[in-house]
Amino acid sequence: MSIEAREARQPWILLSPTLTVITLLLIVPVLFIVVYSFWLRTSVGDVQPGFYLDNWADTLTDRFYRDILLTTLRIAAITTVVCALMGYPAAYFIARAKSNKALLLLLLMLPFWISYIIRTMSWIYILGTNGALNTALQWLGITAEPIQMLYNETTVILGLVHFLLPFMVLNVYVSLDGVDETLEDAAGSLGATKWQSFLQVTLPLSLPGLAAGSLLCFVLGAGTYITPAVLGGPRDAMFANLVYEAIIIQLNWPLGAALSLLLLAVLGALVMIYNHFLGLGQLMKGLG
Amino acid sequence: MDNTTRYQRLLERYQNGDLDRRSFLGLIGAAGLAYGVQTPFARYAAAQEVTQVRFDGWGGIVSEAFREHAFTPYTAATGIEVVDGTFGGGDEYLARVRTSQPGEYNIAHLSGVFDYARYHNLGLSVELNEANIPNLQLCIPALSDAFRAISGGSLSCVPYDYGTTGIAYNRAYISDEEAQAQGAGLLINPDYTGKIGGWADWRTRIWYGALQTGQDPNNITDIEAVWDAVRQHRDLALRYWTSGAELMSLMAEEEIHVTEAWSGRIFALQEQGHDIGYIDPPNGFGWQECLFVIAGSPMEACEELLNFMLEPATSIAVAEGQNYPPALDPTQVDLGDKIPTLPAFDPTGTLSGLTFANPEYWNGNEQEWSETFSRVQRGY
């Protein structure tokens, strides 16, 4: 075998364990879900194999699913914007910190050490009728009665921001950390104010990180199930909650399969668009 | 030989130097793969000697009582270990059972006759040899009869306890008289907007919708009126709770002042000193729980364990722990001092005062109603 042929094979040999795992644990299960989506639920909750388009017809044409999907995308978008607005200054502060940068990064990672569910549930004890915030407001004499803050769309978004903010900060930080600070000095020496050098030099150079953070926040936010289940009111649901209900409550695995594939397709399309314009390389940097 | 002993021996051989590291890791990896990717051949494992029986229940104090009063003496008497698992809800557990291999799950503490019917209809039931469960004779016959009617006279479970889903209210805001006068209507009283709760369970929502519209829950004639009542409740409610723990927290923290509630959970709150009232409105929702043996399980070992669990001492300890009356017939067994004080307790042993869901009726409408409820809940 020639050296060129051996070199061409080497990456595939090195990648083969990973590709095998991805094939077995991701692609094959997704293919199973695709097959399931064409089956039907029987009256007793079992499945009837075959090739039926009923689930896809429901999923694609039913206004109910479309509305919940749009609500999900809207909540994910609001969450992403809030994360960007809150996360960018924090990331900038860490990236430009002269000392204790490691400590600040450690603090940023700290929430990951606590279960996402516990972090979400902690809001019940902060925003509840007898929670920390209401108690403080009443103690300070600002309110006479507890304010009803829990179990609505705002608390769902709050919980999502709490969950996703570190992802945004990390991505923006990685991007800002790679920006040469002397460029800002150079802009200053050419007469730009601090604000102008930020707007015209730093911000554009950090946009890939912001975009990568936004993509992660949006995709993770749109796929969430726990937050609306814990912090939402009766009406509040995101698309993943419908998938859960179809599969677990209604025992309608075929419909649940079609719904989950629709969500996968929508979020996958978003990743493809991102990849087309910005490439996934920045995302990998942030995740790394 | 059980798997634990097998792995311990393997580890011993490796530590003694009889097995090289590569072979040891290879064998462990192969065992893990075999466990994770079970094949149809796994069913032959059922033929091996029974060393374990798996029981799944609601966890907490109930499991503790089972461990102390049933599992430990059972293991001492038979040498069979009881693997004690828990689940968060019946629907989630059914999904787990359906994706498991036969014999992986053995006995489950299931809710409701309709759950029994669902398992039976999915081919997950067995036929118990009642001669191996003499304590079954001590149970209220009406409870067993409901199950027999579904599985053609035989049983795949033993009844274990019963209770009601009535109306709980905070007496600081709602008087006993008002609760009695309004009954199910209390849950759609606009005076309590934002302080009303409800269980996120389609059956309960429809049941109470039927009561609020003056219909028989086991024979609803105007389902559209029921959906309107469900919508009305939805718009007034702050939260649909999803577990007993959440129900207790919402009531104790005064997030909500009125909700439907499980009788035993409210009794527990009352025991803790919370001033919460509880009523069962006319045609209130009665239910029973059972210990269900799942198809593919080692039958004799399971039957013996069921008999241990139905021992009066065990049943009474569990009942006192979870605050639901046991399935034991009070005309045959002395149930002690606490159980007669529990809500829903029937001293006659006939259960004639409780209304249970007709499983045929409710399961027949399950698909349509559960899907419609999902939509109604979200504003449709």
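Along every chain, residues carry numbers that run from 1 in the direction the sequence is written. Here every chain gets a letter starting at A, and every ligand a number starting at 1, in the order they are written. Under the rules for a predicted model, residues below a pLDDT of 70 receive no local features and side-chain atom pairs below 80 are neither given nor counted, while totals for whole chains, interfaces and linings still include all residues. By convention in this description, side-chain values take in all heavy atoms of the structure and omit both hydrogens and water.

Visitor: Would you explain the overall build of chain B in this entry?
Guide: Strands are runs of DSSP state E lasting at least 2 residues, helices are runs of H or I lasting at least 4, and numbering of each runs from the N terminus. Counting its secondary structure elements, chain B contains 14 helices and 10 strands. Looking at chain B as a whole, 53% of its 380 residues are labelled buried. By definition, residues are in contact when any of their heavy atoms lie within 4.5 Å. For chain B, long-range pairs separated by at least 24 residues make up 72% of all intrachain contacts whose partners lie at least 6 apart in sequence. Accessible area is worked out with a 1.4 Å probe on protein chains only. A residue is then buried under 20% of its type maximum, exposed over 50%, and partly exposed in between.

Visitor: Got a minute to help me understand the interface of chain A and chain B in this structure?
Guide: A common way to report how large an interface is uses the accessible area buried once the components associate. Between chain A and chain B, the contact holds 37 residues from the first and 34 residues from the second. Buried area is a sum: the accessible area each of two parts loses on coming together, probed at 1.4 Å, counted once for each and added. Taken over both partners, the interface formed by chain A and chain B buries close to 3000 Å², and the fraction arising from carbon and sulfur atoms is 48%. Counting the surface chain A buries against chain B, the share from its top three residues, F64, P234 and R235 of chain A, is 24%. In what follows, salt bridge is the name for a side-chain nitrogen of Lys or Arg lying within 4 Å of a carboxyl oxygen of Asp or Glu. Here chain A and chain B share 4 salt bridges between them. With a closest N to O distance of 2.5 Å, R375 of chain B and D62 of chain A form a salt bridge. N or O atoms within 3.5 Å of each other form a polar contact, as long as, within protein, one can give a hydrogen and the other can take it, and as long as residues adjacent in sequence are counted only when both atoms are side-chain atoms. Across the contact surface, chain A and chain B share 13 residue pairs in polar contact (both at pLDDT 80 or more).

Visitor: Can you help me understand the nonpolar core in this one?
Guide: General note: in soluble globular proteins, nonpolar side chains tend to be found buried as a group. Residues belong to one nonpolar core when they are buried, are Ala, Val, Leu, Ile, Met, Phe, Trp, Tyr or Cys, and are joined through side-chain atoms within 4.5 Å. Formed by 62 residues in total, the largest nonpolar core has its most connected members in F66, Y93, I107, L291 and M309 of chain B. In this structure, F66 of chain B is in contact with F55, F71, H109, Y160, L291, M309, T314 and V318 of chain B, ignoring residues within four places of it in sequence.

Visitor: Help me understand the confidence of the model for chain B in this model?
Guide: Detailed reading of predicted coordinates is not advised where the pLDDT is low. All names here are of chain B. Values of pLDDT, the confidence the predictor places in each residue, fall between 0 and 100. When pLDDT is averaged along chain B, the result is 87; 87% of the residues meet or exceed 70. Per-element mean pLDDT across chain B ranges from 49 in helix 1 (residues 3–15) up to 98 in helix 9 (residues 223–236). Low pLDDT (under 50) marks residues 1–8, which in the prediction has 5 contacts with non-local residues, meaning those over four places away or in another chain. Under a pLDDT of 50 for its full length, residues 31–47 has, in the predicted model, 5 contacts with residues more than four places off or in other chains.

Visitor: What is the right way to look at the environment of A317 of chain B in this model?
Guide: Position of A317 of chain B relative to the elements: it lies in helix 13 (residues 312–322). Each residue touching A317 of chain B, except ones within four places of it in the same chain, is listed here: A65 and H69 of chain B.

Visitor: Whenever I open this one, helix 14 (residues 359–377) of chain B confuses me. Can you help?
Guide: Since the α-helix packs 3.6 residues into each turn, any two residues three or four apart lie on the same face. Residues and elements named next belong to chain B. In this scheme, a helix's expected span is set at 1.5 Å multiplied by one less than its residue total. Counted at 1.5 Å a residue, the expected span for helix 14 with its 19 residues is 27 Å, but the 23 Å between its end C-alpha atoms falls short. Largest kink in helix 14: about 60°, centred on E366. Buried within helix 14 are the following residues: P359, Y361, W362, N363, N365, E366, W369, S370, F373, S374, V376 and Q377. One side-chain oxygen of the residue at the start of helix 14 lies 3.0 Å from the amide nitrogen of E360, identifying that residue as N358. Of the residues flanking the end of helix 14, it is G379, one or two places downstream, whose phi is positive at about 105°. Throughout, bend refers to the angle between the axes fitted to the seven residues that end at a position and the seven residues that start at it.

Visitor: Could you clarify how one ought to interpret a nonpolar patch on the surface in this entry?
Guide: Residue and element names in this part refer to chain A. The patches described consist of residues with a relative accessible area above 30% and no salt bridge, like charges being joined within 9 Å and nonpolar side chains (Val, Leu, Ile, Met, Phe, Trp, Tyr) within 5 Å. The accessible surface values rely on the Shrake-Rupley method and a 1.4 Å probe; as for residues, cover is taken only from the protein chains in view. Together, L103, L106, L107, M109, L110, F112, W113, I114 and I118 line one region of the surface with nonpolar side chains, adding up to about 850 Å² of accessible area. When residues of the nonpolar patch are assigned to their parent elements, the largest contribution, 4 residues, is made by helix 4 (residues 101–109). Mapping L103 onto the fold places it in helix 4. Overall, L103 belongs to the partly exposed group, its relative accessible area being 46%.

Visitor: Got a minute to help me understand the pairing of strand 9 (residues 285–293) of chain B in this structure?
Guide: Put simply, side chains in a regular strand alternate between the two faces of the sheet. Residues and elements named next belong to chain B. With 9 of its 9 residues buried, strand 9 lies for the most part within the structure. By the alternation rule, side chains of strand 9 split into F285, W287, E289, L291 and V293 and G286, Q288, C290 and F292, which are all buried. Examined bridge by bridge, strand 3 (residues 107–111) and strand 9 share 5 bridges and lie antiparallel to one another. Each bridged residue has a counterpart across the sheet, and for S111 the counterpart in strand 9 is E289. Pairing between strands is defined by DSSP: at least two bridges between the two strands are required.

Visitor: I would appreciate a short explanation of unusual backbone geometry in the present structure.
Guide: Working note: non-glycine residues mostly have negative phi, and peptide bonds are mostly trans. All names here are of chain B. The backbone of N323 shows a phi angle near 65°, a positive value even though the residue is not glycine. Tracing the backbone shows N323 in the loop between helix 13 and strand 10 (355–356). Among the residues examined, N323 registers a relative accessible area of 4% and is labelled buried. Positive phi, normally seen in glycine, also occurs at A344, with a value near 80°. Mapping A344 onto the fold places it in the loop between helix 13 and strand 10.

Visitor: When you look at the pattern of salt bridges in this model, what are you seeing that I'm missing?
Guide: If the charged atoms of two oppositely charged side chains come close together, the side chains can form a pair. In total, this model carries 26 salt bridges over all chains according to the counting rule given. Through salt bridges with shared partners, a single ionic network connects R54, D56, E92 and R96 of chain B.

Visitor: Can you help me understand the packing of aromatic side chains in this one?
Guide: The geometry of an aromatic ring pair comes down to the distance between the two centres and the angle between the two planes. For Phe, Tyr and Trp, where Trp contributes only its six-membered ring, two rings pair if their centres lie within 6.5 Å, and the inter-plane angle classes them as stacked under 30 degrees, edge-to-face over 60, or tilted in between. All told, the structure shown has 35 aromatic pairs over all chains when counted by the stated rule. Each ring, one from Y116 of chain B and one from F292 of chain B, has its centre 5.5 Å from the other, and the planes form 80°; the classification is edge-to-face. Here Y116 of chain B, found in helix 5 (residues 112–121), pairs with F292 of chain B, found in strand 9; they are 176 residues apart in sequence, far enough to count as distant. One exposure class covers both Y116 of chain B and F292 of chain B, and it is buried. Aromatic side chains W362 of chain B and W369 of chain B sit 5.4 Å apart centroid to centroid with 80° between the ring planes, which places their arrangement in the edge-to-face category. Accessibility assignment for this pair places W362 of chain B and W369 of chain B in one class, buried. Among the aromatic residues, ring-to-ring pairing joins W202, W207, F285, Y361, W362 and W369 of chain B into one connected group. Counting as a charge over the ring demands two things of the Lys NZ or Arg CZ atom: a distance within 6 Å of the ring centre and an angle within 35 degrees of the ring normal. The lysine or arginine in question, R96 of chain A, covers the ring of Y92 of chain A, its NZ or CZ lying 5.3 Å from the ring centre. Its end group placed over the ring of W253 of chain A, R98 of chain B keeps NZ or CZ at 4.3 Å from the ring centre.

Visitor: In this structure, what is going on with the confidence of the model for chain A? I would like to understand it.
Guide: Per-residue pLDDT for chain A has a mean of 92; in total, 97% of the residues score no lower than 70. For chain A, the element scoring lowest by mean pLDDT is helix 13 (residues 281–287) of chain A, at 61; helix 3 (residues 63–96) of chain A scores highest, at 97.

Visitor: I tried to follow the packing of helix 3 of chain A against helix 7 (residues 153–177) of chain A on my own but got confused; where do I start?
Guide: When two helices pack together, you describe them by how their axes are tilted relative to each other and by the distance separating the axes. Residue and element names in this part refer to chain A. Helix axes are fitted only over the stretch in contact, all axes being lines through C-alpha atoms; the angle between N-to-C directions runs from 0 to 180 degrees. Here helix 3 crosses helix 7 at 40°, and the two axes come no closer than 6 Å. It follows that helix 3 is oblique to helix 7 by the angle criterion. Handedness of the helix 3/helix 7 crossing: right-handed. Throughout this description, any angle smaller than 35 degrees is read as roughly parallel, any larger than 145 degrees as roughly antiparallel, any in the 65 to 115 degree range as roughly perpendicular, and the remainder as oblique. Crossings are assigned a handedness: left-handed for a near helix turned anticlockwise from the far helix by less than a right angle, right-handed for a clockwise turn.

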